[in-house]
Amino acid sequence: MNKQKKIIKKPNGLIYFFAYIIIKPFLRLKCKASFDTKCLRTIREPALILCPHISNMDFLLVAAALYPIRPSFVVSEHFLARPRLRWILTKMHVIPKKMFCPDVRTIINIMRAKESGNTIVLFPEGRLPAIGHSVRITDGTADLVKKLKTDVYTITGNGAYKTLPKWGRAGFRSGKIEVRADKLLDAASIEKMSIEEVEKIIENSLVHDEDKLFTDVSYKCSRPALGLDGVLYKCPACLEEFKMLTDDCHIRCRACGFDAELDNRYRLHGAPFETINQWYFWQVDKTDINQPLYSETIVAVADENGNLNRNAGRGTVRMDSQTISYNGTLFGRKLEFSEDISNIKALPISVGDHFDIYHKKKMYNFILQPDPRAAIKWSLYMDKVTDCKK
């Protein structure tokens, strides 16, 4: 006798409705969001939505754009290690994903969601960039599109990064967001296309650079630079690292006194760069991947109850152009492991706090010591190694 197929449920309808009537006015009034989603009126489920990951509010923007469709969101597994988020995410029946780690279970659940007649929302970059610029698409995205054989759409929240930058510690900045939906591929055409053709279309459609958007719009904030030192760590004057400090509008170097100002249009004054992205990519150019990185670290992992323990172990972490390794303790026991960088390819970070990697399907947060802001340098280093090996 055939076993009954497992159904991936849609988000709880009542919770979704009440969330929508609260979130949509907030997005329109506070964040100045507008929505051009005409192409979604004729969407036929199941479908796949591919979105560039621009800010921490992307899920809200996409959910509001799709309503009354209740999609299956593919989200990073690390959110489920936080008890306050776990409850609502469970009610939303999200599909958890291990970031930059082979994860057959996620693919199976995505296929089940399609077979259940759901619309699936996926952010193919696999992580939220630290700056307002897209990163590479994760391997296997085009293969998944071919396997699903559904219509494919995109939803982009232009201006969302400037409204809520990942590094920002001053909250929402009212300015302008334009949410736009487009149909990218139809199911019939996908079958006739090669993997390479599908991949190229996806890459071109998700390229994103907020420096080129809304350059004349002011994003109202009394402390626009606060937190920027978690991303811009190298002084362009004296080249010292992690000596940068921010206050309301300024980023300064305590080693040499260099001082630059960030205005509400995201333009820098007093720096050799006009934008944050330019400064960041200069740091990439200055990074020597032949010089290994080494740091003391605190380790955070999920405990036996699935809750994140931010002091689960201590040790040292090292990375070169081939491997990343840890030597220390975990829950009082000795732990030592090494992972090939070519199997990881990227290090998602929480700016100013930690970076993540998976070892044997288990997620480890490394909170670097003495300055957790160093997480950005490790992530940047990994990106440069991966790009050089392509």
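Overview of the structure. A quick note: this is a predicted structure, and the numbers were derived from the prediction, not measured.

As a further point, take a nonpolar patch on the surface. Where nonpolar side chains cluster on the molecular surface, the patch consists of Leu 14, Phe 17, Phe 18, Ile 21 and Ile 22 and spans about 500 Å² of accessible area. Assignment of secondary structure puts Phe 17 in helix H1 (residues 13–29). Residue class for Phe 17 comes out partly exposed when judged on its relative accessible area of 35%.

So, about the sheet that holds strand S8 (residues 244–246). The strands making up a sheet associate through backbone hydrogen bonding, with each pair oriented either parallel or antiparallel. Strand order in the open sheet formed by 4 strands is S8-S9-S10-S11, and the pairing between neighbours is antiparallel. The sheet is open, and its two edges are formed by S8 and strand S11 (268–269), each paired on a single side. The pairing of strand S10 (residues 259–262) with S11 spans 2 bridges and is classified as antiparallel. Bridge pairing links Glu 261 to His 269 in S11.

Tracing the backbone through its elements, the reader meets Thr 275 in the loop between S11 and helix H9 (276–286). Taking the C-alpha atoms as reference points, Thr 275 and Arg 265, 10 residues apart in sequence, are found 9.8 Å from one another. Setting aside residues up to four positions removed in sequence, Thr 275 forms contacts with Asp 211, Tyr 266, Arg 267 and Leu 268.

With mixed pairing, 7 strands are arranged side by side in an open sheet as S1-S7-S6-S2-S5-S3-S4. In this open sheet, the two edge strands, each paired with only one partner strand, are strand S1 (33–36) and strand S4 (95–97). Within the sheet, the average angular offset between the axes of one strand and its neighbour, ignoring direction, is 25°. Both strand S3 (residues 72–76) and strand S5 (residues 119–122) contribute to a ladder of 2 bridges, which runs parallel.

The next point concerns the side chain of Ser 379. With respect to the helices and strands, the residue Ser 379 is situated in helix H11 (residues 375–389). For Ser 379, a relative accessible area of 5% translates into the label buried.

Given 3.6 residues per turn, any residue in an α-helix points the same way as the ones three and four places further on. With 12 residues, helix H4 (residues 104–115) ought to run about 16 Å at 1.5 Å a step, and its terminal C-alpha atoms sit 17 Å apart, in line with that. Along H4, the residues that are buried comprise Thr 106, Asn 109, Ile 110 and Ala 113. Considered in projection along H4, the buried side chains sweep an arc of 105° and stay on one side of the axis. Of the residues trailing H4, Gly 117 is marked for its positive phi of about 85°.

Side chains Ala 47 and Ile 49 of strand S2 (residues 47–50) all project onto a buried face; the interleaved residues Leu 48 and Leu 50 project onto the opposite face, where all are buried too. Bridge count between S2 and strand S6 (residues 151–158): 4 bridges; the pairing is parallel. Residue pairing in the sheet places Ala 47 in a bridge with Asp 151 of S6.

Time to look at the pairing of S3. Of all 5 residues making up S3, 5 are buried, and the element is well covered by its neighbours. Of the pairings in the sheet, the one linking S3 to S4 comprises 3 bridges and is parallel in character. Bridge pairing links Ser 76 to Lys 97 in S4. For the segment spanning S3, helix H3 (residues 83–91) and S4, crossover handedness is right-handed.

With that settled, consider the nonpolar core. By size, the foremost hydrophobic cluster in this structure holds 92 residues, and its most contacted members are Ile 155 and Phe 355. If one sorts the elements of this core by residue count, H11 sits on top with 7 residues. Core analysis: the second largest hydrophobic core is formed by 21 residues, Ala 113, Leu 122, Ala 142 and Met 193 among them.

Reading guide: rules and limits
- Residues numbered from 1 in each chain as written.
- Predicted model: local features only at pLDDT ≥ 70, side-chain atom pairs only at ≥ 80, totals over all residues.
- Heavy atoms only, no water.
- Patch = residues over 30% accessible without salt bridge, like charges linked within 9 Å, V, L, I, M, F, W, Y side chains within 5 Å.
- Areas by Shrake-Rupley, 256 points an atom, 1.4 Å probe, with all protein chains shown as cover.
- Salt bridge = Lys/Arg side-chain N within 4 Å of Asp/Glu carboxyl O.
- Helix = DSSP H or I, 4+ residues; strand = E, 2+ residues; numbered from the N terminus.
- Buried < 20%, exposed > 50% of the residue type's maximum accessible area, 1.4 Å probe, protein only.
- Pairing = 2+ DSSP bridges.
- Contact = heavy atoms within 4.5 Å.
- Axes fitted to C-alpha atoms, helices over the stretch in contact; angles between N-to-C directions.
- Expected span 1.5 Å × (residues − 1).
- Arc of directions from axis to C-beta.
- Right-handed = clockwise from strand over helix to strand, strands pointing away.
- Core = buried A, V, L, I, M, F, W, Y, C linked by side-chain atoms within 4.5 Å.

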